[in-house]
Amino acid sequence: MRRLSIGLRLTLWYVAVFAVAQLVFGAGMYFILRQSLYSITDDALHDQIDDLTHFLEAQKKNATVAKLQEEVSETYLIEHSGDYLQIYGESGDWIFRSSALARSGIAPIEPRLVEDQQQPRDVVFDGHAFRLLTQRVEVNRHAYTVQTGLPIDQVLKTLSLFRRFLLLFAPLLLLAAATVGYWLSRKALSPVDLITRTAQNISARNLSDRLDTPKTGDELQRLSDTLNGMLSRIEAAFLRITQFTADASHELRTPISLIRTEAEIALRKSRGEAEYRQALRHILLESEQTSVLIEELLTLARADSGRESLQLRPVDLRAAVLRTGNEWRQMIESRGLRFDVTADEILPMVTADRSALSRLLAILLDNAQKYTSAPGKIGLEVGKVDGKAFVAVRDTGIGISQKDQAKIFERFYRVDTARSRSRGGAGIGLSIAHWIVQQHDGTITVQSEIGKGSTFIVEFPLRRETSKSETDISAIAGAPAGSRQLSKH
Ligand code: ADP
């Protein structure tokens, strides 16, 4: 089922709350009005009984019933001719019954049925409502039953008028409240509508558009600011992706057109086996490099999408570096370069992903040997400094200028495009290295001087506990225990 709009829901809530408040207020007002009208009447009834009691007290103690009847009639018929009053003696003998009461049709009292201190009650006689108070009063050792009454037609009329007023105006008031409530909610939510309309118009083509931000300092400004912040992040990510796609396509175009040209030239006329072999060798080499490039691009794409997750475990960094050093030794030395591997004797464990770690070292060592010509030197060092583990890769190669040092970790950045490409690099290696280091909460820095060489230093945070395997790695390294310089050529 489709949910109602916020504006309508707010209005309904508002109307519901208003209706309950109105009901409570109306019922309360009615109750208070009724109470006060009745208490005025009841006070008057009590006053009448008090007056009568005083009158009876003023009579002679041994006055006969007949005398009393005469006295009461005289006084009350003249002074209180309109009162509703009747008095009975102890044994039920009638003393006084006012003419107003007799006319009203109110029945004579049955004294035996009258309880002491009765509360006033409503009665209707001949279509007229009365409030009657019947009480037993004791005067000069004589008990009398006294009943006074007041017509309450007016009171009831006032109450019914008030009730009608409430019943008539409550729905009108509710309707007015609903209209105002709806108008208010529309007014309050209209900026949200505006934001929605603007947001609906933003697509990939105009991602740089932003929502108007009302400078009100309220929730709407915060909402607009938050959405604008989100748009900026999406735009940055989008630009990154489009840039990446463009760069990746560009990088792939070169080797593929090389492969194609090589094949086309080879097929243009018939050639000897040696020539075909030569062409196929070139194609194979180019294809291998393209595979590596595609693999690197995939790594970056997976890293961007968050799918390239690393398995971080305690790793003996010293052993891992020494192992990688052994793997690379032959390759580096075959290029006429000297390769030195040095390691601190004891090194606490680090938290790392083994394969990512060897990939990082491979990128740095590969670069070092790529950009260093014989008879240069390459050094690989692992150790501890300032409470952190570090791995340094030094070379005596071509070096990197200060300006380029700031950019080499960016994707597809190559210092010298032509030279770098001829060595097989697409400018991705260091950006992968940078990502790996970031995933390890580490840092990677470069120190370099043109013509003198470069040093890449990676620092990793150490794990708290130390492992017994730390001291027992000489077997893996194939170096004599206790020696810092593990290998020298
Ligand atoms: P590539 O695959 O092109 O080597 P990288 O991202 O690994 O890409 O490196 C980016 C650029 O940094 C390289 O093109 C190169 O110019 C420069 N660079 C990297 N390592 C070294 C180094 N050890 N000596 C000199 N220049 C280097």
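Please read these numbers as outputs of a predicted model, since none were measured by experiment.

## Some details on the pattern of salt bridges
Taken as a whole and judged by the stated rule, the model has 17 salt bridges. Here Asp 122 and Arg 131 are joined by a salt bridge, their closest N and O atoms 2.7 Å apart. Taking the relative accessible area as the measure of exposure, Asp 122 reaches 39% and is therefore partly exposed. Several salt bridges converge on common partners, so that one network encompasses Asp 42, Asp 122 and Arg 131.

## Section: the confidence of the model for the protein
In the predicted model, the protein carries a mean pLDDT of 85, and the fraction of residues at 70 or more is 90%. Of the regions scoring below 50 in pLDDT, residues 466-489 engages in 50 contacts with residues more than four places distant in sequence or in other chains.

## Quick word on the side chain of Asp 340
With respect to the helices, strands and loops of the structure, Asp 340 is situated in strand E7 (residues 338-343). A distance of 3.3 Å separates a polar atom in the side chain of Asp 340 from a polar atom in the side chain of Arg 338.

## A short note on the domain arrangement of the protein
One can read the domain layout of the protein as domain 1 (6-158), domain 2 (219-305) and domain 3 (313-461). Across the contact, 18 residues belong to domain 2 and 11 residues belong to domain 3. Of the roughly 1,200 Å² buried between domain 2 and domain 3 on both sides combined, carbon and sulfur atoms contribute 60%. Together, Glu 251, Glu 296 and Leu 300 form the three largest contributors to the area buried by domain 2 at its contact with domain 3, with a combined 41%. At the junction of domain 2 and domain 3, the tally comes to two salt bridges. Between Asp 304 and Arg 411 there is a salt bridge; the shortest N-O distance is 2.8 Å. At the surface where domain 2 touches domain 3, the tally comes to three residue pairs in polar contact (both at pLDDT 80 or more). Listed by contribution, the elements that provide at least two residues to the side of domain 2 that touches domain 3 are helix H5 (219-268) and helix H6 (273-305). Examining the composition of the side of domain 2 that touches domain 3, we find that 10 residues originate from one element, H6, more than from any other. For the side of domain 2 that touches domain 3, a count of residues per class yields eight nonpolar, three polar and seven charged.

Procedures and definitions
Residues numbered from 1 in each chain as written. Predicted model: local features only at pLDDT ≥ 70, side-chain atom pairs only at ≥ 80, totals over all residues. Heavy atoms only, no water. Salt bridge = Lys/Arg side-chain N within 4 Å of Asp/Glu carboxyl O. Buried < 20%, exposed > 50% of the residue type's maximum accessible area, 1.4 Å probe, protein only. pLDDT = per-residue confidence, 0-100. Contact = heavy atoms within 4.5 Å. Helix = DSSP H or I, 4+ residues; strand = E, 2+ residues; numbered from the N terminus. Polar contact = N/O pair within 3.5 Å; in protein donor to acceptor, adjacent residues only side chain to side chain. Domains from an automatic or database assignment. Buried area = accessible area lost by both parts, 1.4 Å probe. Nonpolar A, V, L, I, M, F, W, Y, C, P; charged D, E, K, R; others polar.

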